[in-house]
Amino acid sequence: MVQCGHGPRFRVHEVRSPEPAKSGVQNPESRVKVKLRSRHLLGIEDLDRSEILTILDQARTFREVLDRPIPIVPALRGRTVVNLFFEASTRTTTSFSLAASRLSCGCVNFSKATSAVSKGETLLDTARNIEAMGVDGIIIRHASPGAPHFLSRHVKAFVVNAGDGAHEHPTQALLDAFTLREKLGSLDGKRVLMVGDITHSRVARSNLLCFSKLGARVAVCGPPTMIPPDIEQYGCEVFYRLDRILDEVDVVNMLRVQQERITSSSFPTVREYRAFYGLTAERLRNLAPEVVVTHPGPVNWGVEMDFDVAEFSRALVLPQVTNGVAVRMAVLFLLAGGEGEVRS
Amino acid sequence: MQSAEVTKRILLTGGTVIDPQKGSMRRADVLVVGGRVEKVETGIPAAGAEIVDCRGKHIAPGFVDMHCHLREPGREDEETIASGTAAALAGGFTRVCPMPNTEPAIDTEAQVRFEIRRAAEAGFARLHPIGCCTKGRQGKELAEIGSMVGAGAVGFSDDGSPVADPQVLRRTLEYCKAFDVPVISHCEIRELAEGVANEGLVSTRLGLKAGPDVAESAQAARDVLLAEFTQGRLHIAHVSARSTVDVIRWAKARGVQVTAETCPHYFTLTEEALADFDTNCKVNPPLRAEGDRRAVIAGLADGTIDAIATDHAPHLKGEKEAEFDAAPPGMIGLETAFSLGYEQLVLGRTLSLADYIARLAVAPRRILNLPPAAVAAGSEAELVVLDLKAEWKYTADSVRSLSRNSPFLGRTMRGRVTAVLLGNRFFRF
């Protein structure tokens, strides 16, 4: 369902040209062909600050679309993407599906459980077969780091990394950055603390890169068993004791404790984890008044965060989810080279 | 592969003959008659011999690769003994010692004989099998080591499934003393080495499951102590870590009968090569940090690491064209080892040319009790002709192995093997 009429055009942000984007009088293409240096979104590592800002600014335009009575635009009409998810996910698949449909883009969902992967089909064969059916983009989540990078070298479609093992989850970082910028204005000079299982967290890696590129000072905190070696060489501080750093930060980014880690001697018990690394009701009460709390979900209530956080006015967990749709719209739009002539 | 020419009388003229045992070089002609070296001196008259102009080239004893995987029996789609020994010759290796992790594993006298016969039928490099320490590489019951030695096996290893039980390793070290053969240890504590990359800066960035260097060196420490205790002979395979080099240096200083090898990729590449998730750089043990690479080179320089082996591990394109976790570990190396070592170690001023050749030709023979390497009158002809000035591009088309899983494809190499004379067969490349 597309509404026609006269509304604002999408603002499209020129990345590399020093001049601002032309209004499009001479060349209508020029104002929509911005964009990102890569055809794919594989990780925050590949983006520079201006590209991140391009995506976030584009997302702000789409965030406004989501508040309209009929939140849909024809920007990617006729295009199709596939959600190629080899790992379980609720919010990310749903978010990408919604982002596609809000852009009038077709979206097919693939899940590992019901696919030929269970018959032993390789990742490459699966992707090539799906591509042969004619899709413009592949959104992939896979347990193996680098799986999207591998795919991007073998398919013509654009590839979006929706989480590759413990490597990157770029759209999560972008939506976190978007949410924090909405709340704090800018990340420049802000102190962000990520708490939890840093070693196994793709969110931690992407957020560290993204927040740092946006000017934030990032620290990580967790038990030494969950801090990967040499991470401080990527420009963050490391803390093993939460209470030594918690009152010095502007943002607390809690990470999920994966259930399987509990049995692998990364820490003794849930009780002890909560005592030393959990955002408990008591720690919440002691937070400075401007501090905001984020979590990529799904939350293990009572483990990394007490239930009280759900009621906490400065917890951004649900706004993160809403903003995720807008950020993913921006990513699909920019990668698919969508048309700028979109009206509300 | 240029087909072998059977020669009766051949004269290599004008080359520089390297004696890696003495560490010396001299200009000399080499006359080979009926597969034996008859004379090594200047100014030998042609007298009806076929003349090979070796001016500007070097002549050295054939190399021995004491650690490779030729996949036969079991995975003849990846490599066969024929294709693997042909690739070996092109790399200057006149003898190869394939590891026993085939399907089935080489753990009986009959299988040892099978491998040797297949190599003889192929007629390229000679083959000296490494047999299993334990039946089926299960790490439990000793295999018939004595019978395998009788059939031609020269060393024993469970290779990629290292003997975890210290009592079994102790018994293997003790038992092998009866036959004067080394136990070759692929040092890896499985529980610690869980992963596909070196634990460190790069694995942190890429989120790869990773194992630390101590997974190798902690087992090396245990193994050298058991070798000391049993007075057995231990050889440490594919040393990749600085801490392992330190352990071996310490053990040698104590008089432990321990030797060690490393591979060209450990002194040429580091974990940084994984940055694009290149599955051809996925090897086990994993490529490590720059400090480890330098320590491996230092270990070669001071003799802590005796030998250079390839760990040639063929895998098909379709197997390597996968996500990083799913790709099998290993890279081919028979055809590139000499050039990579020449570039890194000789041009890199770590080793003299003669000392470098000794790591390829002398040390493996000494460790495995093979006849000594020499280009000397009276010995069987087993020599390589080297063009050290050659620059050549390593391309997929040139690969003689059945598999092409090398991260060095496309690289310009320095120095190459131009010919091999093995008995009465002459190969030109």
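Residues numbered from 1 in each chain as written. Chains lettered and ligands numbered in written order. Predicted model: local features only at pLDDT ≥ 70, side-chain atom pairs only at ≥ 80, totals over all residues.

Before going further, it helps to spend a moment on the overall build of chain B. Along chain B, the regular secondary structure elements total twelve helices and 22 strands. For chain B, whose C-alpha radius of gyration is 21 Å, the value lies close to the compact-globule estimate of 22 Å for 429 residues. Taken along the three principal axes of its C-alpha coordinates, chain B extends 65 × 50 × 45 Å. By the burial criterion, 58% of the 429 residues in chain B qualify as buried. Partitioning the intrachain contacts of chain B with sequence separation of at least 6 by distance along the chain shows that 76% fall at a separation of at least 24. (Helix = DSSP H or I, 4+ residues; strand = E, 2+ residues; numbered from the N terminus. Rg over C-alpha atoms; globule rule 2.2 N^0.38 Å. Buried ≥ 20, exposed ≤ 12 C-beta atoms within 10 Å, placed from the backbone. Contact = placed C-beta atoms within 7 Å.)

Next up on the list: the packing of helix α1 (residues 49–66) of chain A against helix α11 (residues 317–336) of chain A. Residue and element names in this part refer to chain A. Running from amino to carboxyl end, α1 crosses α11 at an angle of 120°, the nearest separation of the two axes being 8 Å. Regarding the angle of α1 to α11, the classification is oblique. Helix-helix and strand crossings are classified by hand; for α1 and α11 the assignment is right-handed. Of the residues in α11, those in contact with I55, Q58, A59, F62, R63 and L66 of α1 are N323, V325, A326, V327, M329, A330, V331, F333 and L334. Looking at the contact of α1 with α11 residue by residue, the classes come out as twelve nonpolar, two polar and one charged. (Axes fitted to C-alpha atoms, helices over the stretch in contact; angles between N-to-C directions. Parallel < 35°, antiparallel > 145°, perpendicular 65-115°, else oblique. Left-handed = near helix turned anticlockwise from the far one by under 90°. Nonpolar A, V, L, I, M, F, W, Y, C, P; charged D, E, K, R; others polar.)

Residues and elements named next belong to chain B. Structurally, R288 is set in the loop between α8 (264–268) and α9 (290–301). Linking R288 and E271, residues 17 residues apart in sequence, is a C-alpha distance of 4.9 Å. Contact partners of R288, with chain neighbours within four places excluded, come to N198, D213, S240, A241, T270, E271 and R293.

For the rest of this paragraph, the subject is the domain arrangement of chain B. All names here are of chain B. Segmenting chain B into domains produces domain 1 (5–59 + 377–428) and domain 2 (63–368). The C-alpha centroid of domain 2 is placed 26 Å from the C-alpha centroid of domain 1. Top contributing element to the side of domain 1 that touches domain 2 by residue count: strand β21 (residues 412–422), with seven residues. When its residues are assigned to classes, the side of domain 1 that touches domain 2 shows 15 nonpolar, eight polar and six charged. (Domains from an automatic or database assignment.)

A few words now on helix α4 (residues 166–176) of chain B. All names here are of chain B. Every buried residue belonging to α4 is among L169, T172, L173 and C176, and all of these are buried. For α4, the angular spread of the buried residues around the axis is 95°, confining them to a single face. Buried residues along α4 sit against α3 (145–151), β13 (155–156), β14 (183–185), α6 (214–230) and β17 (234–236). (Arc of directions from axis to C-beta.)

Residues and elements named next belong to chain A. As a packed pair, α1 and helix α5 (residues 170–184) sit with axes 10 Å apart at the nearest point and diverge in direction by 65°. Between α1 and α5, the interaxial angle falls into the category roughly perpendicular. Taken as a pair, α1 and α5 cross one another with a handedness that is right-handed. In this structure, α1 uses I52, I55, L56 and A59 to contact α5, whose residues at the interface are L174, A177, F178 and R181. In terms of residue class, the contact of α1 with α5 is built from seven nonpolar, no polar and one charged.

The next point concerns the environment of V252(A). Residues and elements named next belong to chain A. Mapping V252 onto the fold places it in strand β8 (residues 251–254). For the pair V252 and N300, spaced 48 residues apart in sequence, the C-alpha to C-alpha distance is 16 Å. In this structure, V252 is in contact with L193, V195, L279, V291 and V293, ignoring residues within four places of it in sequence.

Right, let's get into the interface of chain A and chain B. On the side of chain B, 16 residues touch chain A, which itself brings 21 residues to the contact. Where the side of chain A that touches chain B is concerned, the elements lending two or more residues are α3 (123–132), α4 (147–152) and α6 (202–213) of chain A. Among the elements that make up the side of chain A that touches chain B, the one with the highest residue count is α4(A) (three residues). Partitioned by chemical class, the residues of the side of chain A that touches chain B number ten nonpolar, eight polar and three charged.

Glancing now at the pairing of strand β2 (residues 9–13) of chain B. Both faces of the sheet carry side chains from a regular strand, because those side chains alternate between them. Residues and elements named next belong to chain B. Of the pairings in the sheet, the one linking β2 to strand β5 (residues 29–33) comprises four bridges and is antiparallel in character. Across the sheet, I10 pairs through a bridge with V32, a residue of β5. In this sheet, strand β7 (residues 50–53) lies alongside β2 in parallel orientation, the contact comprising four bridges. If you follow L11 over to β7, its bridge partner there is I51. (Pairing = 2+ DSSP bridges.)

A few words on the sheet that holds strand β9 (residues 63–68) of chain B. Residue and element names in this part refer to chain B. Pairing in this open sheet of three strands is parallel, and the strands run β9-β10-β11 from one edge to the other. Two strands lie at the open edges of the sheet, namely β9 and β11 (126–127), each paired on one side alone. The strands touched by helix α1 (residues 81–90) are β9, β10 (93–98) and β11; relative to β10, the strand with the most contacts, the crossing angle is about 135°.

Further remarks concern the pairing of β10(B). All names here are of chain B. A large share of β10 lies buried, amounting to six of its six residues. Both β9 and β10 contribute to a ladder of four bridges, which runs parallel. When the sheet's bridge partners are listed, C68 is paired in β10 with P98. Running through α1, the crossover from β9 to the neighbouring parallel element β10 is right-handed. (Right-handed = clockwise from strand over helix to strand, strands pointing away.)

Let's shift gears to the sheet that holds β8(A). Residue and element names in this part refer to chain A. Here five strands make up an open sheet; going across it, the order is β7-β6-β5-β8-β9 and the pairing parallel. Edge positions in the sheet fall to β7 (236–239) and β9 (292–294), since each has one partner strand and no second. On average, each strand axis in the sheet is inclined to that of its neighbour by 20°, with strand direction left out of account. Across three bridges, the pairing between β8 and β9 is parallel.

Okay, the nonpolar core next. With 224 residues, the main nonpolar core has A177(A) and L332(A) as its most contacted residues. Per-element accounting of this core gives the leading share, eleven residues, to α11(A). Domain assignment of the residues forming this core places at least three in each of domain 1 (5–59 + 377–428) and domain 2 (63–368) of chain B. Once residues within four sequence positions are removed from consideration, L332(A) is found in contact with L76(A), V81(A), A99(A), A100(A), L103(A), C105(A) and G137(A). (Core = buried A, V, L, I, M, F, W, Y, C linked by C-beta atoms within 7 Å.)

Residue and element names in this part refer to chain A. The terminal C-alpha atoms of α5, which comprises 15 residues, lie 20 Å apart, in line with the 21 Å expected from a rise of 1.5 Å per residue. With respect to burial, α5 is a largely interior element, twelve of its 15 residues being buried. Taken together, the buried positions of α5 are P170, T171, Q172, A173, L174, L175, D176, A177, F178, T179, L180 and R181. G185 lies just past α5 and shows a positive phi near 90°. (Expected span 1.5 Å × (residues − 1).)

Another point: unusual backbone geometry. At the junction of E103(B) and P104(B), the peptide bond is cis and its omega measures out at 0° in the coordinates. Relative to the helices and strands, P104(B) resides in the loop between β10 and α2 (109–122). Backbone torsion omega between N284(B) and P285(B) reads 0°, so that peptide bond is classified as cis. Here P285(B) shows up in the loop between α8 and α9. For S104(A), which is not glycine, the phi torsion reads 65° and is therefore positive.

Next up on the list: the environment of A143(B). All names here are of chain B. Inspection of the secondary structure assignment puts A143 in the loop between β12 (130–131) and α3. Look at A143 and you get buried, because 26 C-beta atoms sit within 10 Å. The spatial distance from the C-alpha of A143 to the C-alpha of C133 is 5.7 Å, given a sequence separation of ten residues. What A143 contacts, discounting residues up to four positions off in sequence, is D107, G131, C132, C133, T134, K135 and M148.

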